[in-house]
2 protein chains.
Amino acid sequence: MGKLLVVGSVALDTVKTPFGEVTEVLGGSATYFSTAASYFTSVDLIAVVGEDFPEQHVAFLKSRKIDLAGLERRPGATFRWKGAYSHQLNEAQTLDTRLNVFETFRPKIPAQYSSPDVLFLGNIDPNLQLDVLQQVKRPALVACDTMNFWINGKRDALWNVLQHIDILIINDGEARALGEDTNLVKVAKKILARGPKHLIVKRGEYGVLMFNDKQVFGAPAFPLDDVRDPTGAGDTFAGGFLGYLAATGNRSPEAMRQAIIFGSVMASFTVEAFSLDRLRILDYKEIETRFKEFKRLTHFEDIEA
Amino acid sequence: MGKLLVVGSVALDTVKTPFGEVTEVLGGSATYFSTAASYFTSVDLIAVVGEDFPEQHVAFLKSRKIDLAGLERRPGATFRWKGAYSHQLNEAQTLDTRLNVFETFRPKIPAQYSSPDVLFLGNIDPNLQLDVLQQVKRPALVACDTMNFWINGKRDALWNVLQHIDILIINDGEARALGEDTNLVKVAKKILARGPKHLIVKRGEYGVLMFNDKQVFGAPAFPLDDVRDPTGAGDTFAGGFLGYLAATGNRSPEAMRQAIIFGSVMASFTVEAFSLDRLRILDYKEIETRFKEFKRLTHFEDIEA
């Protein structure tokens with residue numbers, strides 16, 4: 001079982017959807033990522049929280065066997081995000097962002113984390129992503145996320161990061177902004193030419209596409225009759241995807257495809273409740289069951305020809 | 001090989017996309033449908049055109065072995081549609097609609113068409129769809145399309161139609177309007193409770209979902225690096241889907257899933273060029289090749305558990 005290192009945010013979220021609202025609940029990209037990944041492999045977390053970060057959240061992450069030696073606690077307040085979703089649940093409207101201690105976050109990799117098998121660079125300043133890369137022995141697999149803020153504001157630094165990673169995991173709007181084209185196949189060609197061996201495009205309720213220079217893999221999202229809060233779905237996807245790959249150590253195209261499905265399965269659970277509430281009560285048997293349901297959802301017989 | 005009867009529109013389209021524009025080219029729901037279906041089975045077409053309908057288009061439809069005994073030619077002008085697409089190519093903006101002879105279209109089913117194996121009621125007034133149903137011996141399979149104009153304006157008549165059909169094929173916006181919910185799983189339950197055994201939701205570049213009371217099947221759209229004009233994709237999908245089902249006579253869940261893929265394959269060709277230009281030069285071997293590419297696109301190994 002491989003060691004998975006993640007760098008990203010731990011936050012307190014205030015979220016309103018048509019199905020309810022929650023105030024200052026556990027959130028953050030690294031939180032969703034590491035919790036999802038923890039079902040598959042051991043996870044080391046690098047993030048920062050403030051003095052006000054509730055002990056119960058630390059206890060929850062520990063209960064998932066996530067190693068918190070890299071969870072820095074600094075004077076000041078924890079990162080807060082406030083957002084709302086309309087009925088379509090497609091895109092969050094950010095109402096307020098208070099970076100607080102996250103604003104001056106400089107990830108420091110503890111010595112015992114410096115040889116991960118798999119590294120996930122969550123959505124932070126690309127210069128910090130580069131800095132993390134320089135602090136570790138090159139892992140067998142490096143993946144990263146980003147967002148429009150960096151695509152528009154630090155494009156050169158971001159392209160520099162992309163030269164050093166294996167997998168870029170972003171949503172479709174970000175992919176189109178980075179590739180400067182509306183056609184995703186063209187976008188994928190452009191991005192793959194600049195470094196990453198794989199591009200994974202997250203499309204929310206429409207599923208996911210994975211491109212490399214040889215093939216494309218596409219999967220729909222799992223149709224659910226009760227979606228409460230899409231917050232964290234993308235980070236959960238990435239956690240399930242890389243958690244599975246770290247666990248198997250297998251990098252075959254077939255393992256990559258199964259990893260995409262495990263990521264999609266994890267995301268499908270996250271959106272069923274606010275915050276990480278569905279993951280809190282999830283067991284591995286449910287993950288396997290939903291994987292098999294995914295197979296039934298997408299399977300068809302090939303033709304003979 | 002089963003007989004497939006389609007009732008719908010034949011039109012002259014003027015279309016502008018970021019990749020070009022065309023003026024008064026062959027279009028219409030029944031045109032795309034029947035051309036796509038003609039690759040799988042024999043098709044009888046019920047539609048109306050005006051005196052100005054170019055003979056070359058009649059010749060093209062005949063070249064596809066589509067039976068045109070039901071193609072009425074009436075005094076006046078052929079139905080014209082003018083539309084434009086922005087870069088995302090997701091939704092057409094209608095610039096002008098001139099129903100012309102289509103406005104007073106009253107489908108009359110010739111005696112030799114009155115026992116089809118499969119019937120497709122294209123997007124026309126639900127009262128006319130009912131009228132067509134009354135003119136034929138109940139086919140083994142009846143599918144229908146509709147649009148927001150009828151969902152909003154003739155909802156009761158439409159629900160009446162839906163009691164008499166097997167498969168409703170609509171896009172996701174229409175499904176949400178008809179089911180009065182944003183969640184497609186809930187929408188499907190509502191619609192299936194009112195008559196149809198299957199609901200097929202077309203999602204453009206995101207693919208398709210098929211619901212019945214036992215299962216859901218989902219497939220992404222085929223990723224293409226050169227999409228020129230999405231006009232007719234949905235009707236082409238329906239034509240490939242029902243053409244394949246008419247041809248096999250097999251109604252098993254497995255055949256339905258393969259039919260969804262054949263429909264998706266046909267739609268993926270249509271969008272590669274304006275009007276029906278890609279279908280004009282398409283041969284069946286290309287269809288089989290792309291079906292197999294679809295299998296590679298979506299395949300993953302199940303887990304053992």
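Cut-offs and rules
Residues numbered from 1 in each chain as written. Chains lettered and ligands numbered in written order. Predicted model: local features only at pLDDT ≥ 70, side-chain atom pairs only at ≥ 80, totals over all residues. Heavy atoms only, no water. Contact = heavy atoms within 4.5 Å. Buried area = accessible area lost by both parts, 1.4 Å probe. Polar contact = N/O pair within 3.5 Å; in protein donor to acceptor, adjacent residues only side chain to side chain. Helix = DSSP H or I, 4+ residues; strand = E, 2+ residues; numbered from the N terminus. Nonpolar A, V, L, I, M, F, W, Y, C, P; charged D, E, K, R; others polar. Phe/Tyr/Trp six-rings, centres within 6.5 Å; stacked < 30°, edge-to-face > 60°. Buried < 20%, exposed > 50% of the residue type's maximum accessible area, 1.4 Å probe, protein only. Lys NZ or Arg CZ within 6 Å of the ring centre and 35° of its normal. Pairing = 2+ DSSP bridges. Axes fitted to C-alpha atoms, helices over the stretch in contact; angles between N-to-C directions. Parallel < 35°, antiparallel > 145°, perpendicular 65-115°, else oblique. Left-handed = near helix turned anticlockwise from the far one by under 90°. UniProt positions renumbered as here; feature names shortened; annotations may be inferred.

The name recorded for chain A in an unreviewed UniProt entry is Putative Carbohydrate/purine kinase, PfkB family, from Nitrospira defluvii.

**A few points about the interface of chain A and chain B**
On the side of chain B, 41 residues touch chain A, which itself brings 41 residues to the contact. Carbon and sulfur atoms make up 54% of the area that chain A and chain B hide from each other, which totals about 4100 Å². By the criterion of area lost to chain B, the three top residues of chain A are Tyr206, Phe300 and Ile303 of chain A, representing 18% of everything that side buries. Counting the contacts that link chain A with chain B gives 24 residue pairs in polar contact (both at pLDDT 80 or more). In terms of residues, the side of chain A that touches chain B owes the most to one element, helix α11 (residues 284-298) of chain A, which gives eight residues. Here the residues of the side of chain A that touches chain B sort into 17 nonpolar, eight polar and 16 charged.

**Some thoughts on the packing of aromatic side chains**
On inspection of all chains with the given rule, the structure shows 27 aromatic pairs over all chains. Ring plane angle 5° and centroid distance 4.3 Å describe the contact between Phe33 of chain A and Phe120 of chain A, whose orientation is recorded as stacked. Residue Phe33 of chain A is found in helix α1 (residues 29-37), and its partner Phe120 of chain A is found in strand β8 (residues 118-121); the two are separated by 87 residues along the sequence. The residues Phe33 of chain A and Phe120 of chain A share a single accessibility class, namely buried. Each ring, one from Phe237 of chain A and one from Phe241 of chain A, has its centre 6.0 Å from the other, and the planes form 10°; the classification is stacked. Of the two residues, Phe237 of chain A and Phe241 of chain A both sit in helix α8 (residues 233-248), four residues apart, roughly one turn of that helix. In textbook terms, an aromatic cluster arises when at least three aromatic residues are bridged by ring pairs, as seen for Phe40, Phe217, Tyr244, Phe262, Tyr284 and Phe291 of chain A together with Phe300 of chain B. In this structure, Arg64 of chain B packs its charged tip against the face of Tyr39 of chain B, placed 3.7 Å from the ring centre.

**Topic: the sheet that holds strand β6 (residues 80-84) of chain B**
Residue and element names in this part refer to chain B. Pairing within the open sheet is mixed, and its four strands lie in the order β3-β2-β6-β7. Edge positions in the open sheet fall to β3 (20-27) and β7 (93-98), since each of these has one partner strand only. Here the strands of the sheet are splayed against their neighbours by 15° on average, with no regard to which way each runs. Of the pairings in the sheet, the one linking β6 to β7 comprises five bridges and is antiparallel in character. Directly across from Lys82, in β7, lies its bridge partner Asp96.

**Points about the environment of Ile109 of chain A**
Residues and elements named next belong to chain A. The residue Ile109 is located in the loop between β7 (93-98) and β8 in this model. C-alpha of Ile109 to C-alpha of Arg278: the two residues are 169 residues apart in sequence and 30 Å apart in space. Leave out the neighbours within four places in its chain, and Ile109 touches Leu5, Val7, Ile46, Ser114, Val132, Gln135 and Val136.

**Side note on the packing of helix α3 (residues 126-135) of chain B against helix α5 (residues 155-162) of chain B**
Residue and element names in this part refer to chain B. Between α3 and α5, whose axes approach to 8 Å, the crossing angle comes to 30°. As the angle between them shows, α3 and α5 are arranged roughly parallel. Where α3 crosses over α5, the two elements pack in a sense that is left-handed. Contacts from Pro126, Asn127, Gln129 and Leu130 in α3 reach Ala157, Leu158, Asn160 and Val161 in α5. Grouping the constituent residues of the contact of α3 with α5 by class yields five nonpolar, three polar and no charged.

**Observations concerning the pairing of β6 of chain B**
Residue and element names in this part refer to chain B. Counting buried positions over the five residues of β6 gives four, a clear majority of the element. Pairing of strand β2 (residues 11-17) with β6 involves five bridges; the strand directions are parallel. Along β6, the bridge assignment pairs Leu12 with Arg80.

**Comments concerning the UniProt feature "domain: Carbohydrate kinase PfkB" (unreviewed entry) in chain A**
The UniProt entry lists residues 18-274 of chain A under the feature "domain: Carbohydrate kinase PfkB" (unreviewed entry), expressed in the numbering used here. Here residues 18-274 of chain A runs as 36% helix and 25% strand, with 12 Å between its end C-alpha atoms.

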